[in-house]
Amino acid sequence: MKLVNRLKGKIKRHRNAYRKQKHLKKMGKAYGVDFGGYLSKEKLELEPFEGCAYEASFDLPVIVKRLQITPDDCFIDIGCGKGYAMHYFASLPFGKIAGIEIKEELAKIARDNLKTLYPEDSRFEVIVGDVCKYTDYDEYNYFYLYNPLTRVGISKFVAHLRESLERSPRNVWVIYQNPRFWDEFTKEELFNAVISADRSLILKHQK
């Protein structure tokens, strides 16, 4: 039975991957954007104990629709790649939508994609930086992660986020898709899991 379940899971993952790439290619042809592809850690030349491979977010969590987003809220995608999640969250009324990406070539593609899709929208900012070292998070209260880091990387990011909350106390939500290391957020009760569905987890820090 365990073997059958593993095989079913593997087939489902392959189907989802095929469906994702088909959708992204279709979108690319229709709008002249590039969200697709897969880049390994080796190709990206990332530190092996910190970063993960690039793959576009997909099946983004519908549970986000339950959140009460306003123009006073600021969003940042941790490891934004080519900007697909930023494109998705642009449908919500965030006052600012940012992403941080360690690779300059991916950040440039993200900027080009967003400029092509939203030529008049001034909410976007793509930052080139290392999430494990970047600390300027004080203006953001919504964070999105699509499994961008190893446990070591997540631990470093959470430490920077903790410092930000000490400098600027506020309510913060973390939208974590494929949350392999969610327990790093709940250490010392920094965050509590509030919504879980669709292989996604929303965690909240109450000031």
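Because the structure is predicted, anything quoted here is derived from the model rather than measured.

### Focus: the sheet that holds strand β6 (residues 142-146)
The strand order across the open sheet formed by seven strands is β5-β4-β3-β6-β7-β9-β8, and the pairing between neighbours is mixed. Edge positions in the sheet fall to β5 (124-128) and β8 (192-197), since each of these pairs with one other strand and no more. The average angle at which neighbouring strand axes cross in this sheet is 20°, direction not considered. Bridging between strand β3 (residues 74-78) and β6 involves four bridges; their strand directions are parallel.

### Some words on the environment of Phe 124
With respect to the helices, strands and loops of the structure, Phe 124 is situated in strand β5. Overall, the relative accessible area of 18% leaves Phe 124 in the buried class. As a C-alpha pair, Phe 124 and Ile 76 span 48 residues in sequence and 9.7 Å in three-dimensional space. Excluding anything up to four places from it in sequence, Phe 124 contacts Met 86, Ala 90, Ile 97, Leu 114 and Tyr 118.

### Considerations on the confidence of the model for the protein
Mean pLDDT over the protein: 84, with 77% of residues reaching 70 or higher. Per-element averaging of pLDDT across the protein places helix α2 (residues 41-44) at the bottom with 53 and β5 at the top with 98.

### Thoughts on the pattern of salt bridges
Within the structure shown, the criterion is met by eleven salt bridges. Salt-bridge contacts for Asp 34 lead to Lys 82; the nearest nitrogen and oxygen are separated by 3.1 Å. Of this pair, Asp 34 sits in the loop between α1 (2-31) and β1 (38-39) while Lys 82 sits in the loop between β3 and α3 (84-89), placing them 48 residues apart in sequence. When its relative accessible area of 33% is taken as the criterion, Asp 34 is described as partly exposed. With a relative accessible area of 8%, Lys 82 lands in the buried category. The salt bridge involving Arg 151 is made with Glu 184; its shortest N-O contact spans 2.8 Å. Of this pair, Arg 151 sits in helix α5 (residues 151-167) while Glu 184 sits in helix α6 (residues 183-186), and the two are 33 residues apart along the sequence.

### What to know about the environment of Thr 186
Along the chain, Thr 186 falls in helix α6. Looking at Thr 186, the relative accessible area reads 23%, which means it is partly exposed. C-alpha of Thr 186 to C-alpha of Val 158: the two residues are 28 residues apart in sequence and 9.8 Å apart in space. Aside from chain neighbours lying at most four places away, what touches Thr 186 is Phe 191 and Leu 203. Polar contacts involving the side chain of Thr 186 include one to the main-chain carbonyl oxygen of Asp 183, which spans 3.1 Å.

### Quick look at the packing of aromatic side chains
For any two aromatic rings, the description comes down to two numbers: the centre-to-centre distance and the angle of the planes. Summed over all chains, the structure comprises 18 aromatic pairs. Ring centres of Tyr 134 and Tyr 137 lie 5.2 Å apart, and the angle between their planes is 75°; on these two criteria the pair is classed as edge-to-face. Ring geometry for Tyr 137 versus Phe 143: centroids 5.7 Å apart, planes at 70°, classification edge-to-face. For Phe 143, a relative accessible area of 0% puts it in the buried group. An aromatic cluster is built from Tyr 134, Tyr 137, Tyr 140, Phe 143, Phe 157, Tyr 176, Phe 185 and Phe 191, whose rings are joined through pairwise contacts. Above the plane of the ring of Phe 124 lies Arg 123, whose end atom (NZ or CZ) is 5.9 Å from the centre.

### Here we look at unusual backbone geometry
The phi dihedral of Asn 178 falls on the positive side, at around 50°, and the residue is not glycine. Tracing the chain through its elements places Asn 178 in the loop between β7 (172-177) and α6. Look at Glu 189: it is not a glycine, yet its phi comes out positive at around 55°. Mapped onto the elements of the fold, Glu 189 is located in the loop between α6 and β8. Given the relative accessible area of 67%, Glu 189 is considered exposed.

Calculation notes
Residues numbered from 1 in each chain as written. Predicted model: local features only at pLDDT ≥ 70, side-chain atom pairs only at ≥ 80, totals over all residues. Heavy atoms only, no water. Pairing = 2+ DSSP bridges. Helix = DSSP H or I, 4+ residues; strand = E, 2+ residues; numbered from the N terminus. Axes fitted to C-alpha atoms, helices over the stretch in contact; angles between N-to-C directions. Buried < 20%, exposed > 50% of the residue type's maximum accessible area, 1.4 Å probe, protein only. Contact = heavy atoms within 4.5 Å. pLDDT = per-residue confidence, 0-100. Salt bridge = Lys/Arg side-chain N within 4 Å of Asp/Glu carboxyl O. Polar contact = N/O pair within 3.5 Å; in protein donor to acceptor, adjacent residues only side chain to side chain. Phe/Tyr/Trp six-rings, centres within 6.5 Å; stacked < 30°, edge-to-face > 60°. Lys NZ or Arg CZ within 6 Å of the ring centre and 35° of its normal.

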